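Each chain, letter by letter, is given below.
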Amino acid sequence: MDLNAGREIMWNIPASFKYAMYTMLVISVGIFIKGTYEKYKYVTQGNSIKGLLPENFNWKNLFETIFFQGKIKRFKAPGIFHTLIYYGFIILWIATDLVAIHYDTPFKVFKGAVYIVVSFLADFAGLAILIGLGLAYKRRYIDKPDYLSSTKPNQEKFMYYMLFALVILGFLLEGIRIAGVEDLATTPEAMYSPIGFIIAKAIAAFSFSDSTLSLIYRISWLIHMANTMLFVASIPYSKFFHFIAAPVSALVTPPRRGAVLDVMDFEDETAETFGLGKLSELTMKQRLDTLACVECGRCTQVCPANLAHKPLDPKKIITKMRDTAENAKGEDQDLWENPVYLNNELDACTTCGACMEECPMNIEHVNVIMDLKRYKALTLGQLPPAAADATNKIRVNGNPWGMSQDDRFKWADGLDVPVAVEGEKIDYLYYVGCAGSYDASNQKVVKDTVTLLKKAGVSFAVMGKTEKCNGDPIRRFGDEYTFFEIAIENIANMRKYSFDKVVTHCPHCLHTIGKEYAKFEDGEFDTVHHTELLSDLVKTGKLNPTKKVDDEFTFHDPCYLGRHHGEYNAPRSILESIPGLKVTEMEKNKDKALCCGMGGGNMWYELDEGKHLAENRLEEIGETKAPKLATACSYCMINFNSSKGTVNTTENLEVEDIAQILAKSVE
């Protein structure tokens, strides 16, 4: 290896051009700082940046975003071209920094082995960027998928132009330099800078005079410098801002925070409205989300409501807010005077979290939608009629079906089910939930769960007739005041008993009690799903599935157990422990699973537009050819049982909970 390898920096560049470059650099950096500071002011609105910072930074997410592109690679095609562009750009950035250090400081680092390796990598980095740009251009402007629609299409074109021009001009300058300085027959640049050498050979074929070649080089260099400085200055004013927004958002977005709402202060006498009604009421994170969105459409691609042709596009929830804020030019604006959003657009959201799971910018779409629904319900008094009916039934009867509270514990007739008693310590308080108490199919799940807990010798009890709806549907409707009343009452009732953990088989109960109640005073409960508890009991040998079960199942991941709670393995570990059982996974499983459609209050009302939300998932279930479906959610069980006849391949589908299947194998 030639330890003296290197090249002349600023070859053939007069001093005046150098001064022009540094002048442009100062100006462009100044514009960059000004633009970034304006974005900072927009996010903070003059308040302390602490309002954006979570209790714990998400360092893991930051590391993965910076070094491994975060969630970009979850979609294969965009993952490939973004990888080419991203790592190619990083290598060129490093090469540029080394050149600057070598020229502007006493540290002569760009020579020898460093020069050889970096020059070689930089050539192929530029080629990778061009290939990536070509693939991206084809996808956006030739294939033209609907989900890539943009409100400002010229911003995408600007990004393509800038990156293309930076690379092409860089290659051109390299080729001219090699042609003007090196002996092309012997130069080692053929190995150090192979692409530049190829361009140099092409330029040499024109037989330019030295003066002409020098002039072309100087003009190209000046254009390249101007283009580079324009790129730096444009970052805060274009979609290049995602360079900054992506890592910041990754750092300040805790895992699985989406759909966990803050408690409203109903004692605030100065509050004229409740919910998100004006731009000024956006949180700092929501403002950052509007800046971060690059309109990639990943949220659109996975949204179950959008896939069922309901009037919801999660991307537009964010871009509408962004465009409204930009058009307001710093002034406050009412979001409902001339409505930015339609009622059914918001009501269609199932709060499944698929949009947030896929978003490479860590945008929390669900929280924006829920804050808008709160305003719609509390300030405007607008609820779907069926939702209003379910709310009234919960307030009067303690459950959304409106059935008598006296019947809540009838499922336990003839069973020796332990009931919690004040003053007596138990390990687990089993919160049965409304579906488990009143729906026939879910009552079977509860009975089997109770049987299994007894066989395992678990110390547990239920609340019996004192248990009431935890308020999950009401909070998803947006009726925060009624939820507040219910939550306070339930927390007080649960605190009467002495227990270590709450266990529930409904993931919506799990979420509400485990995460939503924690925002209230004295509302922190260590909460587990019944599959998590049963899985632990199997692993520790307290439950032994020994009886063979000759059935074939496919498993549906409930959204609130998976994406919102992070549990994918417990149900599967139970199924794997049962002898004879065969499980065929759907193509979309775990964090890519499609929602059944009943979250976000949709269990209690149906929008007229599009098709029934469960149909797409049922079609995926039918594709597995499995005759039975295993799930672990009360809503999913009810919905699939009632909807399976709408799809030919699932008309005879049998739906069972994980606990029911395990009970068959445990003697």
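Everything that follows concerns the structure shown earlier in this document.
Reference entry: report on the structure contained in this document.

Thresholds, definitions, all that
Residues numbered from 1 in each chain as written. Predicted model: local features only at pLDDT ≥ 70, side-chain atom pairs only at ≥ 80, totals over all residues. Heavy atoms only, no water. Patch = residues over 30% accessible without salt bridge, like charges linked within 9 Å, V, L, I, M, F, W, Y side chains within 5 Å. Areas by Shrake-Rupley, 256 points an atom, 1.4 Å probe, with all protein chains shown as cover. Salt bridge = Lys/Arg side-chain N within 4 Å of Asp/Glu carboxyl O. Helix = DSSP H or I, 4+ residues; strand = E, 2+ residues; numbered from the N terminus. Core = buried A, V, L, I, M, F, W, Y, C linked by side-chain atoms within 4.5 Å. Buried < 20%, exposed > 50% of the residue type's maximum accessible area, 1.4 Å probe, protein only. Contact = heavy atoms within 4.5 Å. Expected span 1.5 Å × (residues − 1). Arc of directions from axis to C-beta. 1 Å grid on protein atoms, 1.4 Å probe; cavity = no way out; pocket = protein on both sides within 12 Å on 5 of 7 lines; lining within 4 Å. Points joined across faces, edges and corners; volume = space filled by probe spheres on them. Nonpolar A, V, L, I, M, F, W, Y, C, P; charged D, E, K, R; others polar. Phe/Tyr/Trp six-rings, centres within 6.5 Å; stacked < 30°, edge-to-face > 60°. Lys NZ or Arg CZ within 6 Å of the ring centre and 35° of its normal. Pairing = 2+ DSSP bridges. Axes fitted to C-alpha atoms, helices over the stretch in contact; angles between N-to-C directions.

**Re a nonpolar patch on the surface**
The grouping of Ile 80, Val 117, Phe 120, Leu 121, Phe 124, Leu 127, Ile 131 and Leu 135 at the surface amounts to a nonpolar patch, some 650 Å² of accessible area in total. Along the chain, Phe 124 turns up in helix α4 (residues 112-143).

**Examining the nonpolar core**
Residues Met 321, Leu 372, Leu 534, Leu 543 and Leu 662 are the most contacted members of the largest nonpolar core, which totals 104 residues. With residues near it in sequence (within four places) discarded, Leu 543 still touches Leu 452, Lys 455, Ala 456, Leu 534, Leu 537, Val 538, Leu 662 and Val 666.

**Quick word on helix α17 (residues 385-397)**
Helical geometry note: an α-helix holds 3.6 residues per turn, so side chains three or four residues apart project in the same direction. In this model α17 runs 18 Å from its N-terminal to its C-terminal C-alpha over 13 residues, within 8% of the 18 Å that 1.5 Å per residue would give. Those residues of α17 that sit buried are Ala 387, Ala 390, Thr 391 and Ile 394. Along α17, the residues classed as buried sweep out an arc of 100° about the axis, all on the same side. In α17, the exposed positions that point more than 90 degrees away from the buried face belong to Pro 385 and Val 396. Check the buried side of α17 and you find it contacts α20 (472-477) and α21 (480-494). Directly after α17, the chain includes Gly 398, whose backbone phi takes a positive value near 80°.

**Details of the layout of surface pockets**
Quantified by volume, the second largest pocket comes out at close to 1,200 Å³. Contributing to the lining of the second largest pocket are 44 residues, with Arg 257, Val 260, Leu 261, Asp 262 and Lys 519 lying nearest its centre. Breaking the lining of the second largest pocket down by element, the ones donating at least two residues are α1 (15-44), α10 (284-292) and α16 (365-378). For the lining of the second largest pocket, the leading source of residues is α10, giving 5 residues. Looking at side-chain class alone, the lining of the second largest pocket contains 17 nonpolar, 11 polar and 16 charged residues.

**Concerning the packing of aromatic side chains**
Evaluated as defined, the whole model comprises 31 aromatic pairs. Both rings, one in Phe 89 and one in Phe 243, keep their centres 5.6 Å apart while their planes meet at 40°; by these two values the pair is tilted. Here the residue Phe 89 occupies a position in helix α3 (residues 76-104), and Phe 243 occupies one in helix α9 (residues 242-252), the gap between them amounting to 154 residues. For Phe 89, a relative accessible area of 21% puts it in the partly exposed group. Judged by centre distance (5.6 Å) and plane angle (15°), the rings of Phe 206 and Phe 208 are stacked. A relative accessible area of 61% places Phe 206 in the exposed class. Taking relative accessible area as the criterion, Phe 208 reaches 37% and is therefore assigned partly exposed. Among the aromatic side chains, those forming a connected cluster through ring pairs are Phe 266, Phe 274, Tyr 481, Phe 483, Phe 484, Tyr 517 and Phe 520. The ring of Phe 241 carries Lys 39 above its face, with NZ or CZ at 5.6 Å from the centroid.

**Remarks on the sheet that holds strand β3 (residues 498-504)**
Spatially, β2-β1-β3-β4 is the arrangement adopted by the 4 strands of the open sheet, whose pairing is parallel. Looking along the sheet, the strands with just one partner apiece sit at the ends: β2 (460-462) and β4 (527-529). When the angles between neighbouring strand axes are averaged without regard to direction, this sheet yields 35°. As judged from the 5 bridges shared by strand β1 (residues 425-430) and β3, these two strands associate in the parallel manner. The residue of β3 that forms the bridge with Tyr 428 is Lys 501. In the packing of helix α23 (residues 530-539) onto the sheet, contacts are made with β1, β3 and β4, and the angle to β4 comes to roughly 75°.

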